[in-house]
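# Descriptive structure summary
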Amino acid sequence: METKYAEYSAFRKTIAENRIGNIYIIYGKEDYLREYHLDEMKKAVLGDGPADFNLKKLDGGSLEINELREAVEAMPYFAERTYVEVRDYNIYGASQQDSEELAGILKDIPDYCCLVFVYDTIEFKADKRKKLHKLIEEKVKVVEIPIQKSSSLIGWISRRFAHNGKRISKGTAEFLIHYCGDLMTGLISEIEKISAYCQGEVVTREDIETVAIPVIDTAVFNLTNAISEKNYDRAARVLTELFQMGEPPIFILNIIGGQMRRLYAARLSYENGKNAKYLKALLGLRTDYQARLLMEAARRVSLNWCSDAVCLCAETDFRMKSTRLGEEELLISLLVSLAKN
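In this text, all values refer to a predicted model and were calculated from it rather than measured experimentally.

## A look at the overall build of the chain
Counting its regular elements, the chain contains 17 helices and five strands. With respect to the principal axes defined by its C-alpha atoms, the chain has extents near 70 × 55 × 40 Å. Taken across its 341 residues, the chain has 46% of its residues classed as buried. In the chain, 76% of the contacts between residues at least 6 apart in sequence involve partners at least 24 apart. Total accessible area computed for the chain in this model is approximately 18,200 Å², and 49% of it derives from carbon and sulfur atoms. Charged side chains in the chain number 47 positive and 51 negative. The centres of these two groups are separated by 6 Å.

## As for the pairing of strand β3 (residues 82-87)
Counting buried residues along β3, six of its six residues qualify, which places the element largely inside the surrounding structure. Here β3 shows no split at all, with T82, V84 and V86 on one side and Y83, E85 and R87 on the other all buried. In this sheet, β3 lies alongside strand β2 (residues 55-59) in parallel orientation, the contact comprising five bridges. By the bridge assignment for β3, K56 is matched with V84. In this view, the connection linking β2 to its parallel neighbour β3 by way of helix α4 (residues 65-73) has right-handed handedness. Direction of pairing for β3 relative to strand β4 (residues 113-118): parallel, over a ladder of six bridges. The partner of V86 across the bridge, within β4, is F117. Handedness of the crossover joining β3 and β4 through helix α5 (residues 96-107) is recorded here as right-handed.

## What to know about the packing of aromatic side chains
Under the definition given, this model contains ten aromatic pairs. Connected via pairs of aromatic rings, a cluster forms that spans Y27, Y92, Y119 and F124. For the cation-ring pair, R205 lies above F175, with the distance from its terminal atom to the ring centre recorded as 4.0 Å. Residue placement shows K274 over the ring face of Y278; its charged tip is 5.1 Å from the ring centre.

## Comments concerning the side chain of H178
Along the chain, the position of H178 falls in helix α8 (residues 170-180). For H178, the contacting residues outside a window of four places in its chain are V215, T218, F221, Y289, Q290 and L293.

## Considering the packing of helix α11 (residues 216-228) against helix α12 (residues 232-244)
Helix packing geometry: the angle between the two helix axes and the distance between the axes. Packing of α11 against α12 leaves a shortest axis separation of 8 Å and a crossing angle of 160 degrees. Taken together, the axis directions place α11 and α12 in an arrangement best described as roughly antiparallel. Considering the relative orientation of α11 and α12, their crossing is left-handed. In this structure, α11 uses I216, A219, V220, N222, L223, A226 and I227 to contact α12, whose residues at the interface are Y232, R234, A235, V238, L239 and L242. Classifying every residue of the contact of α11 with α12 gives eleven nonpolar, one polar and one charged.

Quick notes on the rules
Residues numbered from 1 in each chain as written. Predicted model: local features only at pLDDT ≥ 70, side-chain atom pairs only at ≥ 80, totals over all residues. Heavy atoms only, no water. Helix = DSSP H or I, 4+ residues; strand = E, 2+ residues; numbered from the N terminus. Buried < 20%, exposed > 50% of the residue type's maximum accessible area, 1.4 Å probe, protein only. Contact = heavy atoms within 4.5 Å. Areas by Shrake-Rupley, 256 points an atom, 1.4 Å probe, with all protein chains shown as cover. Lys, Arg positive; Asp, Glu negative; His and termini not counted. Charge placed at Lys NZ, Arg CZ, Asp CG, Glu CD. Pairing = 2+ DSSP bridges. Right-handed = clockwise from strand over helix to strand, strands pointing away. Phe/Tyr/Trp six-rings, centres within 6.5 Å; stacked < 30°, edge-to-face > 60°. Lys NZ or Arg CZ within 6 Å of the ring centre and 35° of its normal. Axes fitted to C-alpha atoms, helices over the stretch in contact; angles between N-to-C directions. Parallel < 35°, antiparallel > 145°, perpendicular 65-115°, else oblique. Left-handed = near helix turned anticlockwise from the far one by under 90°. Nonpolar A, V, L, I, M, F, W, Y, C, P; charged D, E, K, R; others polar.

Written out as structure tokens, the structure reads:
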């Protein structure tokens, strides 16, 4: 993880100092930052030259290698460099002929060209078995735009709210990340809604819960948390909300099962005198806030309850995959079993 952030920081520095190389692969879930840095790269590479002539954007789904070659070899027009952006080209899935031609392009790319392969709607995954991979390692700068650390996100959230004339505490910002997820693109729209709704100067948890849309992981956490508090009416309401989200029941069950396993690990940690910091590292949780909430929930349930809950989730998964019973009915049955446990 730290290596990923170090590479990302180095990438940002090359843009800021306008030391941008010739060939890049840019990918990662944080599409807000990905698009931001791509725009900064374009500005740095193209300078004040006419973008209409020096900027080429190609669709990787329908890309012909000759089309790419022509774009790469096109001389800059009243500028020092050109910028070629290829979206969602399955570089490791190309035919043998295309791979060989692509290798030729990568080996002899002109100094004036900056070629960027961007992965948005398809996943980028290196395949070391491919002959092309060695060349990519030698010639291409591969950069993953990582999901930001909570400390960085909290500062960014505060600045976004401040721009809208609102203030938010660190604790409430942590809750917002927990409630809406840690991707900036999703957070931007929620921040705008919350800012418009909030009547006072300070944003509260109630403002967030009233207008923001929770991510499914948070909804499932609310479900398991309500069960650990023995608040079964609230648990039933949350399960209904999960159904209304339109996610497949098997997907909901997988997340519930994962949450129960994390709760089991939290209870084991609690019984062995471990703290939330230990639990965060053990489970690879994104934020301290998640770890604290898990430890609080673990104090309310026994180790046996956690063990039984994990088994009930596994049994429900088996039944969902091997019977004709309604999947929603099986999830409701699971909730009832957990309440009786």
